[in-house]
2 protein chains.
Amino acid sequence: MLTAMSPSIGRPSLRDRTREEVFALIRDSRDLTRSSLVDLTGLPSSTVSHAVTRLLAEGRVTESTAPAKGPGSGSGRPGLILNAVASATRTGAIDFGHRHLRVGLGDDMGNVVDEETVVLNVDRSPVKGLDEAVRLLRALCDRNQVTSLACVVGGVPGPIEAGTGLVNSTTTLSNWAGMYPARELEDRLGVPALVANDASVGAVGELYHGAGRGHRDFLYIKASHGIGAGLVVNGQPYQGGSGFAGEIGHIIIAGRPELCRCGNRGCLEAVVSVPSVREQLGHTHPHLDPDSIELASLEDPISARILNEAGRSLGAVLAGLCDLFNPTLLVIGGELGTSGKSLIDGVRASVNRYAQPATSAAITVVPAGLGRRAELMGAVQMAGALSHQ
Amino acid sequence: MLTAMSPSIGRPSLRDRTREEVFALIRDSRDLTRSSLVDLTGLPSSTVSHAVTRLLAEGRVTESTAPAKGPGSGSGRPGLILNAVASATRTGAIDFGHRHLRVGLGDDMGNVVDEETVVLNVDRSPVKGLDEAVRLLRALCDRNQVTSLACVVGGVPGPIEAGTGLVNSTTTLSNWAGMYPARELEDRLGVPALVANDASVGAVGELYHGAGRGHRDFLYIKASHGIGAGLVVNGQPYQGGSGFAGEIGHIIIAGRPELCRCGNRGCLEAVVSVPSVREQLGHTHPHLDPDSIELASLEDPISARILNEAGRSLGAVLAGLCDLFNPTLLVIGGELGTSGKSLIDGVRASVNRYAQPATSAAITVVPAGLGRRAELMGAVQMAGALSHQ
DNA sequence: GGGGGTTTTTTCGCGCAATGAAGGAATGAA
DNA sequence: TTCATTCCTTCATTGCGCGAAAAAACCCCC
């Protein structure tokens, strides 16, 4: 089982390390010319030229005939832009939600090729969720004439122990506890599988395709039935020393009376979460369907205030975490994060109020750019990265 | 000005990249043999042999004749241990404390060659501190027949803005605010200088020479007149998105009445810091000299209780931060951290109580292994790393 | 003490990647 | 057109990386 997104394990051979390094740069960056590769790598131009020539001959890279109009400096021969060719390799991606299941097919560049979503209470029976996910993935493969997958990446709501892939059972009460979901997927599909915490996977999605683009250090907060954080550190997802980074749902807010399912009082996710917010909203919306209604549809002042207040509570906790971590961005996702402006404003207000001035000045607070698809897109991205290792 | 510990900028040429990679491994690890290098790099044994032969010929590496008795597997030809030769290169290191100044001379392996400490109220006049540090450094050079330094690294108590090296003035009230200490050192000494936050520098010291050895992810807490944290992430010091990571002194503990110098109530460092603890101790130790006495000398039950309680307050805040970051170690340094068992026990108790079970189970809480020398040794280590870039 | 097994390290020649220098190619400006 | 600038390729040379096989240094056992 694969347990991390470690860089370049499969060194084909040192002899063409340069070519692979050049290719990886072309793949991961955008609008690169040969000369910008020279700048990036520090290699002599002849070496870069040689490597690119060979990559072109192998069909792994194409040249766009339109010349680059980049800020080269003005005059002079314009460089030709190089693009990596997405291979025929396909990967699988799975987002195990609480009440839904998203499955996708991706290419090695991290693009979603096809996807499918079903409503399913995964929480109740993770095994059923795994079976259904595998079934959907097989259907997607058939539909796209894909005969084999390079790997599969999944996100589950629970803390995944580093190294073993075990869903830790002392911290979560969910039915995932005690399972080895990556191994389960490998057994069912026969390909390498990697399963990570859903917030961590969502953070990757936002990093590559959403609000996190251009940021190297940020927090993705998945505020849904529970609250979890995904960390991006130095441009890479960070899982912590033992895989449990981002488990912030049970940080205690002193003085709050709310009883948490974990037994303590004042846990962040007892104060701010879909169930607790729904309960508060229930007083003004007595006919609120607890399972189907979208929080985002609530635009009356009282609801806005409740959401804003929830955001403030969340932001007060995040402020302290920002003092430690100093991110440049907070991405608020999950059902609450995508519920609208009120909650985001509340988070921003609290962060500005409680975090260090210099720290909060560096922070932007935004809702998830990908909405509910952050996790799936992150899984596709991780699978793409995994496929060329 | 150098602004980060980035890896291997100065690639001499790609042709001997392998040799440099091998050398870097020998330099940074310990007790390596050729065969362990083969395992680490994935290179063919012939290539490693070739590279090592040349390094030996160049005098950059020596072979210890005593064979390695490592856990190779038992029988078989024992490998010869390779050691990097410390070059004649010398670096400077400075620890700017509140009331003391430590200056050291280091080699490129990060070892302290010579050092000097003076008592000086650096806080009152950073410029005087800089002048005195430079004077001491020059004296150390003379004493050791060193004619030139490769670089200088310093640690100052204040948040250093990434990129510019400016001591941020919106966050700290110290006299360092608004200064560019790295530039000041460069102007005075004429060599590349890097200045970082003192807690961050201390973390590096503990990482390489102290309690942090063998850990990849930990927090070094400098609990002294203020409270700051140094983060080690993936085995590297981490300064945050804009350089302010670890500024945890003003995280607010809800419900605490203590007035902080920043104007808020209940800041961590208003509750737990040398001044606040001294004030509490003053009731039982009315003749406590506020400037000279060592907290560690207080062993009576009441003092122990006060320190334990301070540790508990500190630990309650750290618990939340650990939930986010999931370190495997908390190193408590600074004057309070080295005051004895009581405070450490308090931190440990709170972390175990308030952090997630799986998170706290992964954490060890220890006092600084290097005591007050953590910052100087970290600066020497960073300077050594900087010198071969 | 000699043989077999194990692990580490070196030897050897081949092939090819990396290199610097020089020149060609594509553009804008004068 | 000519020049300056920037980008890219060509070319011969150098020496590194490679695999296979042998040598070296240890252990254990009989």
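Residues numbered from 1 in each chain as written. Chains lettered and ligands numbered in written order. Predicted model: local features only at pLDDT ≥ 70, side-chain atom pairs only at ≥ 80, totals over all residues. Heavy atoms only, no water.

Trainee: So what exactly am I meant to see when it comes to the overall build of chain A here?
Mentor: Check the secondary structure of chain A and you find 13 helices and 12 strands. Per-residue burial over chain A gives 52% buried out of 389 residues. For chain A, the proportion of contacts with a sequence separation of at least 24, taken over those separated by at least 6, is 63%. Of the roughly 16,600 Å² of accessible surface on chain A, 50% is carried by carbon and sulfur atoms. (Helix = DSSP H or I, 4+ residues; strand = E, 2+ residues; numbered from the N terminus. Buried < 20%, exposed > 50% of the residue type's maximum accessible area, 1.4 Å probe, protein only. Contact = heavy atoms within 4.5 Å. Areas by Shrake-Rupley, 256 points an atom, 1.4 Å probe, with all protein chains shown as cover.)

Trainee: Which parts of the structure should I look at to understand the pattern of salt bridges?
Mentor: Pairing between side chains becomes possible if they bear opposite charge and their charged atoms approach one another. Residues and elements named next belong to chain A. This structure, assessed with the given rule, holds 41 salt bridges over all chains. The salt bridge involving glutamate 20 is made with arginine 60; its shortest N-O contact spans 3.0 Å. With glutamate 20 in helix H1 (residues 17-28) and arginine 60 in the loop between helix H3 (45-58) and strand S1 (61-67), the pair connects residues that are 40 residues apart, well separated along the chain. When the shortest N-O distance is used, the salt bridge between aspartate 28 and arginine 27 registers 3.0 Å. A residue is classified by how much of its surface remains accessible, and arginine 27, at 15% relative accessible area, is buried. Here the salt bridges do not stand alone but share partners, grouping Arg19, Glu20, Arg54, Glu58 and Arg60 into one network. (Salt bridge = Lys/Arg side-chain N within 4 Å of Asp/Glu carboxyl O.)

Trainee: Hey, could you run me through the pairing of strand S11 (residues 329-333) of chain B in this one?
Mentor: Every regular strand shows the same layout, with side chains that alternate between the two sheet faces. Residues and elements named next belong to chain B. Most of S11 sits inside the fold, with five of its five residues counted as buried. Of the two faces of S11, the one holding Leu329, Val331 and Gly333 and the one holding Leu330 and Ile332 are both buried throughout. In this sheet, S11 lies alongside strand S8 (residues 218-223) in parallel orientation, the contact comprising five bridges. Counted as the bridge partner of leucine 219 is leucine 330 from S11. (Pairing = 2+ DSSP bridges.)

Trainee: Whenever I open this one, the confidence of the model for chain A confuses me. Can you help?
Mentor: Interpretation of this model should avoid reading the predicted coordinates in detail wherever pLDDT is low. With 89% of its residues at a pLDDT of at least 70, chain A reaches an overall mean of 89. Counting interchain partners and residues more than four positions distant, the pLDDT-below-50 stretch residues 1-11 of chain A has 29 contacts. (pLDDT = per-residue confidence, 0-100.)

Trainee: So what exactly am I meant to see when it comes to H1(A) here?
Mentor: Since the α-helix packs 3.6 residues into each turn, any two residues three or four apart lie on the same face. The first and last C-alpha atoms of H1(A) sit 16 Å apart over 12 residues, in line with the 16 Å expected at 1.5 Å per residue. Within H1(A), burial applies to Arg17(A), Thr18(A), Arg19(A), Val22(A), Phe23(A), Ile26(A) and Arg27(A). (Expected span 1.5 Å × (residues − 1).)

Trainee: Help me out: how do you make sense of the relation of the copies chain A and chain B in this one?
Mentor: Here the second copy of the chain follows from the first by a rotation about an axis and a shift along it. For the pair chain A and chain B, the relating rotation is 180°, the translation along its axis is 0.1 Å, and the fit reaches an RMSD of 0.3 Å. Here the transformation between the copies is reduced to the relation of a two-fold axis. Taken together, the interface assignments show that 100% of the residues at the interface of chain A recur at the interface of chain B, consistent with an identical surface on both copies. (Least-squares fit on C-alpha atoms with pLDDT ≥ 70 in both.)

Trainee: Is there a simple way to think about the packing of helix H9 (residues 301-325) of chain A against helix H11 (residues 341-354) of chain A in this case?
Mentor: Two packed helices can be described by the angle between their axes and the distance between those axes. Residues and elements named next belong to chain A. Running from amino to carboxyl end, H9 crosses H11 at an angle of 40°, the nearest separation of the two axes being 6 Å. In this structure, the crossing between H9 and H11 has a hand that is right-handed. Where H9 abuts H11, its residues Ala304, Leu307, Asn308, Ala310, Gly311, Arg312, Leu314, Gly315, Ala316, Leu318, Ala319 and Asp323 lie against Ser342, Leu343, Asp345, Gly346, Val347, Ala349, Ser350, Val351 and Tyr354. For the contact of H9 with H11, the class distribution of residues is 12 nonpolar, six polar and three charged. (Axes fitted to C-alpha atoms, helices over the stretch in contact; angles between N-to-C directions. Left-handed = near helix turned anticlockwise from the far one by under 90°. Nonpolar A, V, L, I, M, F, W, Y, C, P; charged D, E, K, R; others polar.)

Trainee: Explanation requested: the side chain of His250(B) in the structure shown.
Mentor: Along the chain, His250(B) falls in the loop between strand S10 (236-238) and helix H7 (268-271). Look at His250(B) and you get buried, because its relative accessible area is 11%. When neighbours within four sequence positions are excluded, His250(B) is seen to be in contact with Asp323(A), Tyr354(A), Gln356(A), Cys260(B), Cys262(B), Cys267(B) and Glu269(B).

Trainee: Honestly, the interface of chain A and chain B in this entry has me stumped. Any pointers?
Mentor: The accessible area lost on association of the parts is a frequent measure of interface size. Taken together, the 44 residues of chain A in the interface contact 44 residues of chain B. Of the roughly 3,400 Å² buried between chain A and chain B, counting both surfaces, carbon and sulfur atoms make up 56%. On the surface where chain A and chain B come into contact, there are two salt bridges. For Glu21(A), the salt bridge is made with Arg17(B), and the minimal N-O distance between the two is 3.0 Å. For the interface between chain A and chain B, the tally reads 16 residue pairs in polar contact (both at pLDDT 80 or more). When residues of the side of chain A that touches chain B are traced back to their parent elements, those giving at least two are H1, strand S9 (227-233), H9 and helix H12 (357-361) of chain A. By residue number, the principal contributor to the side of chain A that touches chain B is H9(A), which donates five residues. (Buried area = accessible area lost by both parts, 1.4 Å probe. Polar contact = N/O pair within 3.5 Å; in protein donor to acceptor, adjacent residues only side chain to side chain.)

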